[in-house]
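Observations on the three-dimensional arrangement
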Amino acid sequence: MNGMELALDCVRFAYPQGRFTLALDALHVAAGERIAIVGPSGSGKTTLLNLIAGIITPEQGAVRLGETVINTLSDASRRAFRIQHIGFVFQDFSLLDYLNVLQNILLPFRVNPVLTLDANVTERARRCADELGLAGKLDRPIQQLSQGERQRVALCRALVTAPRLLLADEPTGNLDPRTKQHAMEVLTAQRQQSGATLLMVTHDHSLLSGFDRVIDFATLAQEAD
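In this report, the structure presented in the accompanying data block is examined. None of these values were measured; they are calculated from a predicted model.

The next thing to look at is the pattern of salt bridges. Under the defined criterion, the tally for this structure stands at 7 salt bridges. In this structure, R213 and E33 form a salt bridge, with 2.9 Å as the shortest nitrogen-oxygen distance. Here R213, found in strand β9 (residues 213-216), pairs with E33, found in the loop between β2 (21-29) and β3 (34-38); they are 180 residues apart in sequence, far enough to count as distant. One salt bridge connects E123 with R127, and the closest N-O pair in it is separated by 3.9 Å. Within this pair, E123 and its partner R127 are both found in helix α5 (residues 119-131), separated by 4 residues, close to a single helical turn. When its relative accessible area of 42% is taken as the criterion, E123 is described as partly exposed.

Take a look at the structure:
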């Protein structure tokens, strides 16, 4: 499976009842490209990822992944498209407390009927968990995990569908240096296997050498306060 080309053109977005406005003239990412997004807090990096994933939609412009203009889809269609094609590591993890670790990892297959949950998928989830040091914790409730462990669960969930686009919002932010390095190795290996396109927001400049391109979002987009 190969990555998808990503294009954002003439995008304008503002939060309701807020003063933050994001203006992005153009961002094009080739299929399979690895992009790191850097920039100061509050510059709109997380907003960018949410626009790409179709969690929010722009007031103007187009967000295209492959042949699909995501922001023209209905709410339900955007959600189905996201689950099928995009892996997202959220900054706040977005894990469900009433599910255990394995159930959280496999959640995309339970909420999107297009995806088929079978023995191969479950084995892939277990293998990813093992590589990230979670093998003995698959039956544990999320509440019993540390912040770093929750981050690794979120990473496994994003990878288990073998997405064509992987979005990661500070995926190593809660990890110690050794675990951070290993998590990046797992992410890199999984991305290489699928050929996925990768956009990762990070403040950790020690990771930037592993990307094809680094974009300073503060110079790419304009925000108005």
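A few words on helix α7 (residues 177-194). With 18 residues, α7 should reach 26 Å at 1.5 Å per residue; the first-to-last C-alpha distance of 26 Å fits that figure. T179, K180, A183, M184, V186, L187, Q190, R191 and S194 are the residues of α7 that are buried. All buried residues of α7 lie within an arc of 160 degrees about the axis, which places them on one face of the element. Along α7, the residues that are exposed and aim more than 90 degrees away from the buried face are P177, R178, Q181, Q192 and Q193. Buried positions along α7 lie against β3, α5, α6 (147-159), β7 (165-169) and β8 (197-201). Taken from the residues just after α7, G195 is the one with a positive phi, measuring 70 degrees.

Core analysis: the biggest nonpolar cluster contains 40 residues, and I105 and V153 have the highest contact counts within it. Put simply, the parts of the chain that give this core at least two residues each are β3, α3 (101-105), α5, α6, β7, α7 and β8. Discounting residues that sit within four places of it in the chain, V153 has contacts with L95, V101, N104, I105, L134, I142 and L145. L48, A53, I70 and L167 belong to the second-largest nonpolar core, a separate cluster that totals 30 residues.

What counts as what
Counting restarts for each chain: residues are numbered from 1 in the order of the written sequence. Local features in a predicted model are, by the rule used here, given only for residues with pLDDT of at least 70; side-chain atom pairs are given and counted only at 80 or more, and totals for whole chains, interfaces and linings are based on all residues. To get the side-chain values, take all heavy atoms of the structure and skip hydrogens and water. The salt bridge criterion pairs a side-chain nitrogen of Lys or Arg with a carboxyl oxygen of Asp or Glu, the two atoms within 4 Å. Numbering of helices and strands runs from the N terminus, with a helix taken as a DSSP run of H or I at least four residues long and a strand as a DSSP run of E at least two residues long. Categorising residues by exposure relies on relative accessible area from a 1.4 Å probe, with only protein chains included: less than 20% of the type maximum marks a residue as buried, more than 50% marks it as exposed, and the intermediate range marks it as partly exposed. Each helix should span, by expectation, one fewer than its residue count multiplied by 1.5 Å. Relevant arc is that of directions from the helix axis to the C-beta atoms, nothing else. Residue contacts follow a heavy-atom distance rule, with two residues in contact if any of their heavy atoms lie within 4.5 Å. Among the buried residues, those of types Ala, Val, Leu, Ile, Met, Phe, Trp, Tyr and Cys that are joined through side-chain atoms within 4.5 Å form a nonpolar core.

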